[in-house]
Amino acid sequence: MTAPPSARRHLLRAGLLILLIGRQHIAWGATVIAVRLWPAPDYTRVTIESDGALRLRSTRTDNPRQLVADIEGVDLVESLQSLASQLRTDDPNLAAVRVTPAGPGVARLTLDLKQPVRPQVFQLTPVAAYQHRLVLDLYPQHAVDPLDQLVAQYMRDTDASSERAARLLGLDLSALREPGTAGAPAAEDPLGQLIAERERQQPPATAAAAPSAPPPASTRRGKTAPPGSSSGTERLILVALDPGHGGEDPGAIGPGGTREKDVVLQIALKLRDRINSTRINGNPMRAYLTRDGDFFVPLNVRVQKAQRVRADLFISIHADAFMTARPQGASVYALSTKGASSAAARWIADKENAADLVGGLNVRSKDATVQRALLDMSTTAQIKDSLKVGTAMLGEVGRVGKLHKPQVEQAGFAVLKAPDIPSVLVETAFISNPDEETRLRSAAYQNDLADALLRGVVRYFQQNPPLARTRTL
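Throughout, a residue's number is its position along its own chain's written sequence, starting from 1. Since the coordinates come from a predicted model, pLDDT governs what is reported: local features require at least 70, and pairs of side-chain atoms require 80 or more to be given and counted, while whole-chain, interface and lining totals use all residues. Heavy atoms from the whole structure form the basis of all side-chain values; hydrogens and water molecules are not counted.

Peer 1: Give me the overall build of the protein chain: which residues, what numbers.
Peer 2: To qualify as a helix, a DSSP run of H or I must reach at least 4 residues; to qualify as a strand, a run of E must reach at least 2; elements of each kind are numbered from the N terminus. Tallying secondary structure elements over the protein chain gives 14 helices and 15 strands in all. A total of 473 residues make up the protein chain; the buried ones form 49% of that total. The contact criterion used throughout is that any non-hydrogen atoms of two residues lie within 4.5 Å. For the protein chain, contacts bridging at least 24 residues in sequence account for 75% of all contacts bridging at least 6. Total accessible area on the protein chain is roughly 21,400 Å²; 55% of this is exposed by carbon and sulfur atoms. Three labels apply to residues, based on accessible area from a 1.4 Å probe with only protein chains included: buried if under 20% of the type maximum, exposed if over 50%, partly exposed otherwise in between. Calculation of accessible area relied on Shrake-Rupley with a 1.4 Å probe; when residues are assessed, cover is drawn exclusively from the protein chains displayed.

In structure tokens, the structure reads:
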């Protein structure tokens, strides 16, 4: 049966409309909202944010010094051009960025590399203020080891000899002693030789290394002997400072636009300088930062870094926020394995534990078994020591500003779950309160807060000196 002319006209119009809609969908696709580059010693991140999921057609690394990615979408070439202008000369991994057409609706992103990398490419679904994100993480094939980084930094910033630096850091140089020479060094620079030997023997590291095993009981923290007493020599007291958030994760944002990730890094850097110039009972202190710039570090990696350098204390620095501008005051938190001490503590822990979702974690690279084991290893002794240092800090912080709670609160903070390191999380003030946001931006308040935190650290170690530790390169 033949359709009447009017029906055929309606069908023809409907078909044309479908074709036009389909063509428009193919032609316009997702719109790029922003592109961002985040250079860091650990890795360099390239982020492409769009209002719809982009399709990565292919990636290849035929040349070890080059990564090529073909991305489907319209006007991507023009939208991605600003990546080149964001490239910094001090980026440790990326040398150049080029964007060229690679066919209809396809942009080719070519990344020239400074060293061979292990790329991770993944999609992130909308979360918080972000829409769809396509992420390229460029991890060096030979990953930066936190302990190597610590040793190099200490040797660069002090005039200590190789032998004395190794002794202060608790590094064992026995592998480089000649047999039968009563401990005489086998080289003029045994520490440098040990690092070089380790680099030769170490296989290429993966981007997501498993956490270091907990130290044996004989080397864990103790409270009965002064620092270095086991060897009769001075001993370096190491404090891991963890500025919260960073990179893709700005943290809380104040009513005036102040970003949590910026102010906590400034406070951490000030505290680092104070720690590095302080001695306790004749023993030098040293600070190690989990991040010293604006880049994202997953929560479990922050814990791993502190464990790798065998830190004596872990301090995570944050700025609190709430849905209204009324709350104010600083808080100190320790870990709890039995539930939060208050509804507010639980709310804060949930907020901080969501940092990986906002910052952008490649969940496919995570070993769920390793993660679960890490989070189940926390011990009663660690929590007991964390409450002590938290109490010492809270008393000092209360002298320079208001306290939100007069006692140390507890909750299940993922970043505090190193089983062998006393760990606290400091919420320096409520960035959501306009008055406290102004204070957080103030260098005077940042200095006062860093001084208070240092006094709390010193007070804690004077009363609870750590036993000697051995760090293995």
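Peer 1: Would you mind going over the pattern of salt bridges in detail, with residue names and values included?
Peer 2: Oppositely charged side chains can form a pair if their charged atoms are brought close together. Here, a salt bridge means any side-chain nitrogen of Lys or Arg that lies within 4 Å of a carboxyl oxygen of Asp or Glu. Evaluation of the coordinates by the stated rule reveals 24 salt bridges. Between Arg235 and Asp312 there is a salt bridge, and its shortest N-O distance comes to 2.7 Å. Remark: Asp312 occurs in the loop between helix H8 (299-308) and strand S12 (313-320) and Arg235 occurs in the loop between helix H6 (190-201) and strand S9 (237-243); sequence separation between them is 77 residues. Assessed through its relative accessible area of 5%, Arg235 is described here as buried. Asp312 gets classed as buried once you look at its relative accessible area, which sits at 0%. A single network of salt bridges, built from pairs that share partners, joins Arg36, Glu49, Arg133 and Glu248.

Peer 1: Break down the nonpolar core for me, with residues and values.
Peer 2: Definition used in this section: a nonpolar core is a set of buried Ala, Val, Leu, Ile, Met, Phe, Trp, Tyr and Cys residues joined via side-chain atoms within 4.5 Å. By size, the foremost hydrophobic cluster in this structure holds 44 residues, and its most contacted members are Val239 and Ile315. Listed by contribution, the elements that provide at least two residues to this core are S9, helix H7 (260-276), strand S11 (283-289), S12, strand S13 (331-335), helix H12 (380-397), strand S15 (423-430) and helix H14 (443-463). In terms of nonpolar packing, the next biggest core, distinct from the first, is built from 34 residues, Ala166, Val309, Ile421 and Leu425 among them.

Peer 1: Summarise helix H5 (residues 162-169); cite the residues concerned and give the values.
Peer 2: The set of residues buried in H5 consists of Ser162, Ala165, Ala166, Leu168 and Leu169. Down the axis of H5, the buried side of the element spans an arc of 165°, and every buried residue falls inside it. Directly beyond the C-terminal end of H5, a positive phi value near 75° is found at Gly170. To obtain the arc, one takes the directions from the helix axis to the C-beta atoms.

Peer 1: An account of the pairing of S11 is requested, with residue identities and associated values reported.
Peer 2: Of all the seven residues making up S11, seven are buried; the element is thus mostly covered by neighbouring parts of the structure. Here S11 shows two buried faces, one formed by Asn283, Met285, Ala287 and Leu289 and the other by Pro284, Arg286 and Tyr288. By definition, two strands form a pair when at least two bridges between them are found by DSSP. For S9 and S11, the ladder comprises five bridges, and the chain directions are parallel. Bridging from a neighbouring strand, Val239 pairs with Ala287 of S11. Note that strand S10 (residues 279-280) and S11 share two bridges and pair antiparallel. Each residue of the ladder has a partner; that of Arg279, found in S11, is Pro284. Count of turn residues in the S10/S11 antiparallel hairpin: two residues, of which Asn281 carries a positive phi of about 55°.

Peer 1: I'd love a proper account of the confidence of the model for the protein chain, names of residues and values included.
Peer 2: For every residue, the predictor assigns a confidence score, pLDDT, that lies between 0 and 100. Counting all residues, the mean pLDDT for the protein chain is 81, and 77% of those residues have values of 70 or more. Mean pLDDT in the protein chain bottoms out at helix H11 (residues 368-375), which sits at 44, and peaks at H7, which reaches 98. Below pLDDT 50 for its whole length, residues 14-28 participates in five contacts with residues either more than four positions away or in separate chains. When the criterion is pLDDT under 50, residues 176-187 qualifies, and its contacts beyond four places in sequence or with other chains add up to 15 contacts.

Peer 1: Tell me about a nonpolar patch on the surface, and please be specific about residues and values.
Peer 2: Together, Phe322, Met323 and Trp347 make up an exposed nonpolar region whose accessible area comes to about 340 Å². Topologically, Trp347 is positioned in helix H9 (residues 343-353). Exposure above 30% relative accessible area and the lack of any salt bridge qualify a residue for a patch; like charges then connect within 9 Å, and the nonpolar side chains Val, Leu, Ile, Met, Phe, Trp and Tyr within 5 Å.

Peer 1: Describe the packing of aromatic side chains, with residues and values.
Peer 2: Stacked, edge-to-face and tilted are the three classes for Phe, Tyr and Trp ring pairs, Trp counted by its six-membered ring, which pair at centre distances within 6.5 Å; planes under 30 degrees apart are stacked, over 60 edge-to-face, the rest tilted. Evaluated as defined, the whole model comprises four aromatic pairs. Ring geometry for Tyr43 against Tyr139: centres 4.9 Å apart, planes inclined by 15°, an arrangement best described as stacked. Residue Tyr43 is located in the loop between strand S1 (32-38) and strand S2 (44-50), and its partner Tyr139 is located in strand S8 (residues 132-140); the two are separated by 96 residues in the primary sequence. The pair formed by Tyr43 and Tyr139 is uniform in burial state, with each residue classed as buried.

Peer 1: Quick rundown of the sheet that holds strand S4 (residues 66-72)? Include the residues and the values.
Peer 2: The four strands are arranged S3-S4-S6-S5 in an open sheet whose pairing can be described as antiparallel. The strands lining the two open edges of the sheet, one partner per strand, are strand S3 (55-60) and strand S5 (94-101). Between one strand axis and the next, the sheet turns by 20° as a mean value, whatever way the strands run. Relative to S4, S3 is paired through five bridges, and the arrangement is antiparallel. Of the residues in S4, the one forming a bridge with Arg55 is Glu72. Axes, fitted as lines to C-alpha atoms, cover a helix only where it is in contact. Angles between the N-to-C directions of the axes lie from 0 to 180 degrees.

Peer 1: Describe in detail the sheet that holds S2, supporting the description with residues and values.
Peer 2: One open sheet holds the four strands; their spatial order is S1-S2-S8-S7, and the pairing between them is antiparallel. A strand with exactly one partner marks an edge of an open sheet, and here the two such strands are S1 and strand S7 (117-124). Across the sheet, the mean angle separating the axes of adjacent strands is 10° when strand polarity is ignored. Relative to S8, S2 runs antiparallel, the two being bridged by seven bridges. Across the sheet, Thr44 pairs through a bridge with Leu138, a residue of S8.

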